[in-house]
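Remarks on the overall topology
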Amino acid sequence: MKKRVLMFGGIVVGALVQLFLPAWPIFGGIKPPVLAAFALYYALHRSPRGMWIAVFWAALLHDGLDLGGFGPALIAFPIIGTLAHRVRLEIFVDGAVTQMIFGALGGMLAMLIAIVIYTVSGQRPFHLGFAFLRVVGSGVLGMATLPLVSLAMNKLESILPKRRGYGWQ
Amino acid sequence: MIFRNRKLVYTAAAGLLLVVAFVLPSSLSLKGKGAVRGVMAPAERGTSGLGQRLSEAVSAIRGIGGAVEENRELSHELVRLQAELNKLGDVEIENLRLRRALDFHQSQALAMIPCDVISRNISGWWNAVRIGKGRADGIEENHAVISPDGLVGKTIEVSKHTSEVLLVSDPSFRVSAKIERANSFGLLRGEGANLKGQPMARIDFIDKDAEIRIGDDVVTSGLSGEGGVFPKGVQIGRVVKVHQNDSGLFQYAEIAPRATVSLLDYVFIVSTSSPKESP
């Protein structure tokens, strides 16, 4: 229960951090994918149920706070989450290199899906160079974001009071 | 039983998501977004307020305490005076017949609703900011948003307590503009930001014979429709480059918008209606 509350609270704080972080003009004006990193963190660390709750909560906040229609995160985050969740037992999920690779791939995949949705629905103009810049930028920013989110959440979860197991129960 | 068939569940979920992404009516989508934004608005306001207080504290420590409030009042006064000045300029330039024609327009009282910027856009895909006032405060869609520096953008996606402001630099922003010195009209649209992060815009369909110079001021023409409120003569920016259209029929000019918005700023919404009284 405490971990679930921490998950909801953590994702809300993640949304606020992403809102208030400045955009990076060098990467086409995108922001560090903090909410995608939360979705990935819970996909790598939780049971399917926990993963789906985190993924939908993060996606709902992302698309709800963004302009345009619902969709980019609601489609991208479940795909990222499902893919990461499938391989989580075969990798060392808390390894820095693993997280950097997953962060980069997650950020790039989320950006690619957003580009496709925005282009197909005509919500944003498409420029090949700009799209490439954004995909690469998402990879770089995702690479830096997931390890930080992971570190913060691991620390916070470790300081949560543990449930005591009594021998006679 | 049906939930045990994983393939069916995944297909249904994927179908549902695609429906949500592409088919959901905008009114329904806006209602959902309004709910999410309503829940998050207090947190955004709190975080933004914290940032503001920190900034004010730093200013106070630097020995200019008290100047923040004064600055806010002066900014409001400056916007009002600029509006007055624009009106006076028009009076000098326009002849009696035009003034008579505009009497009806001028007789409409334009209220300015001051608002705090509470957050930026979450993804960076849109050049937009969120303000902490909405429909309950008398704000409608497509109303001009101005600051002491000039036109900031226009309101879109207005929910009960928050509104999104599409900035002048966003590629989907359009407003009818006038190059003041040349008295030439055109359609201004956003061009995003350059690699230095500076907002850019461009004004299309300028008369090919008009003499446009670098540094010319660009203001709103007051002709924009869409059921919105765009007062005449609000500064937008200045011309930085002039080009000839490929067809040779028009000119277009690159514009550097004057007003840039940060999280610590407050802006004014131009409105014809006064805030609704709460029951």
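The following paragraphs examine the structure supplied in this document. Starting from 1, residues in each chain are numbered consecutively following that chain's sequence as written. Key to labels: chains lettered from A, ligands numbered from 1, both in the order written. A pLDDT threshold of at least 70 governs which residues receive local features in this predicted model, and a stricter bar of 80 or more applies before side-chain atom pairs are shown or counted, although totals over entire chains, interfaces and linings include all residues. The basis for the side-chain values is all heavy atoms of the structure; hydrogens and waters are excluded.

1. Some details on the overall build of chain A
- Helix and strand assignments follow DSSP, with helices taken as H or I runs no shorter than four residues and strands as E runs no shorter than two, numbered in order from the N terminus. Secondary structure assignment for chain A yields six helices and zero strands.
- Taken from N to C terminus, the helices and strands of chain A fall in the order α-α-α-α-α-α.
- Note that the radius of gyration is over C-alpha atoms, with the globule rule given as 2.2 Å times the number of residues to the power 0.38. Compactness check: chain A gives a C-alpha radius of gyration of 17 Å against a globular reference of 15 Å for 169 residues, within 12% of the reference.
- Its C-alpha atoms put chain A at 65 × 30 × 30 Å along the principal axes.
- Burial status across chain A gives 51% buried among its 169 residues.
- Within chain A, contacts between residues at least 6 apart in sequence are counted, and of these 72% link residues at least 24 apart. Here's how the labels work: a residue is buried when its accessible area is under 20% of the maximum for its type, exposed when over 50%, partly exposed in between, all with a 1.4 Å probe on protein chains only. Contact definition: two residues touch when any of their heavy atoms are within 4.5 Å.

2. Quick notes on the overall build of chain B
- For chain B, the count of helices and strands is four helices and twelve strands.
- Expressed as a percentage of the 279 residues in chain B, the buried residues total 40%.
- Residue pairs at least 24 apart in sequence account for 59% of intrachain contacts in chain B once pairs closer than 6 positions are excluded.

3. Notes on the nonpolar core
- Core analysis: the biggest nonpolar cluster contains 45 residues, and Ile11, Leu35, Tyr42 and Phe77 of chain A have the highest contact counts within it.
- At the level of elements, α1 (2-20), α2 (34-45), α3 (48-65), α4 (72-87), α5 (96-120) and α6 (128-158) of chain A together with α2 (26-64) of chain B are the ones that each hand at least two residues to this core.
- Looking at this core, the element that brings in the most residues is α2 of chain A, giving eleven residues.
- Leaving out residues up to four positions away in the same chain, Tyr42 of chain A has contacts with Leu6, Met7, Ile11, Met51, Ala54, Met153 and Glu157 of chain A. Nine residue types can take part in a nonpolar core, namely buried Ala, Val, Leu, Ile, Met, Phe, Trp, Tyr and Cys, and a core is a set of them joined through side-chain atoms within 4.5 Å.

4. Some thoughts on the sheet that holds strand β2 (residues 128-131) of chain B
- Note: two strands are recorded as paired if DSSP finds a minimum of 2 bridges between them. Around the barrel, which closes on itself, the six strands sit in the order β1-β2-β5-β4-β3-β12 (chain B) with antiparallel pairing between neighbours. Neighbour-to-neighbour, the strand axes of the sheet open up by a mean angle of 45°, direction not taken into account.
- Where strand β3 (residues 144-147) of chain B meets strand β12 (residues 266-271) of chain B, two bridges bridge the pair, whose relative direction is antiparallel. Across the sheet, the residue bridging to Ile146 of chain B is Phe268 of chain B, located in β12 of chain B.
- The convention used is that axes are lines fitted to C-alpha atoms, helices contributing only their stretch in contact, and that angles between N-to-C directions extend from 0 to 180 degrees. Set on the sheet, α1 of chain A makes contact with β1 (111-120) and β2 of chain B; between it and β1 of chain B the angle comes to about 115°.

5. Here's the deal with the pattern of salt bridges
Residue and element names in this part refer to chain B.
- The rule for a salt bridge is simple: a side-chain nitrogen of Lys or Arg has to be within 4 Å of a carboxyl oxygen of Asp or Glu. This structure, assessed with the given rule, holds 13 salt bridges over all chains.
- Ionic pairing is found between Glu157 and Arg37, a salt bridge with its closest N-O pair at 2.9 Å. Taken together, the residues Glu157 in strand β4 (residues 150-158) and Arg37 in helix α2 connect sequence positions 120 residues apart.
- The exposure class assigned to Glu157 is buried, which follows from its relative accessible area of 16%.
- The class for Arg37 is buried, based on a relative accessible area of 1%.
- Where salt bridges share partners, they join Arg37, Glu44, Arg130, Glu157 and Glu164 into one cluster.

6. A few points about the interface of chain B and chain A
- Taken together, the contact between chain B and chain A spans 40 residues of the former and 43 residues of the latter.
- Once two parts are brought into contact, the accessible area they lose, counted with a 1.4 Å probe and summed over both, makes up the buried area. Across the interface of chain B and chain A, roughly 3,400 Å² is buried in total on both sides, 70% from carbon and sulfur atoms.
- Summed over the shared surface of chain B and chain A, the number is one salt bridge.
- Between Arg124 of chain A and Asp170 of chain B there is a salt bridge, with its nearest N and O atoms 2.8 Å apart.
- Broken down by element, the residue count for the side of chain B that touches chain A peaks at ten residues, all from α2 of chain B.
- Residues are sorted three ways: Asp, Glu, Lys and Arg are charged, Ala, Val, Leu, Ile, Met, Phe, Trp, Tyr, Cys and Pro are nonpolar, and all the rest, Gly among them, are polar. Broken down by class, the residue content of the side of chain B that touches chain A amounts to 20 nonpolar, eleven polar and nine charged.

7. Quick word on the packing of aromatic side chains
- Paired rings are identified among Phe, Tyr and Trp, the last through its six-membered ring, by centres lying within 6.5 Å, and are further divided according to the angle between planes into stacked (under 30 degrees), edge-to-face (over 60) and tilted (the rest). Enumeration over the complete set of coordinates arrives at seven aromatic pairs over all chains.
- Summarising the aromatic geometry, the rings of Phe8 of chain A and Trp57 of chain A are spaced 5.5 Å apart at their centres and angled 65° between planes, so their arrangement reads as edge-to-face. With Phe8 of chain A in helix α1 and Trp57 of chain A in helix α3, this residue pair connects regions lying 49 residues apart in the sequence.
- Classification of Trp57 of chain A as partly exposed rests on a relative accessible area of 22%.
- Their ring planes at 90° and their centres at 6.1 Å tell us that Tyr118 of chain A and Trp126 of chain B sit as a pair that is edge-to-face. Taken together, the positions of Tyr118 of chain A in helix α5 and Trp126 of chain B in the loop between β1 and β2 put the pair across two chains.

Functional significance is not addressed by these values, which are geometric in nature.
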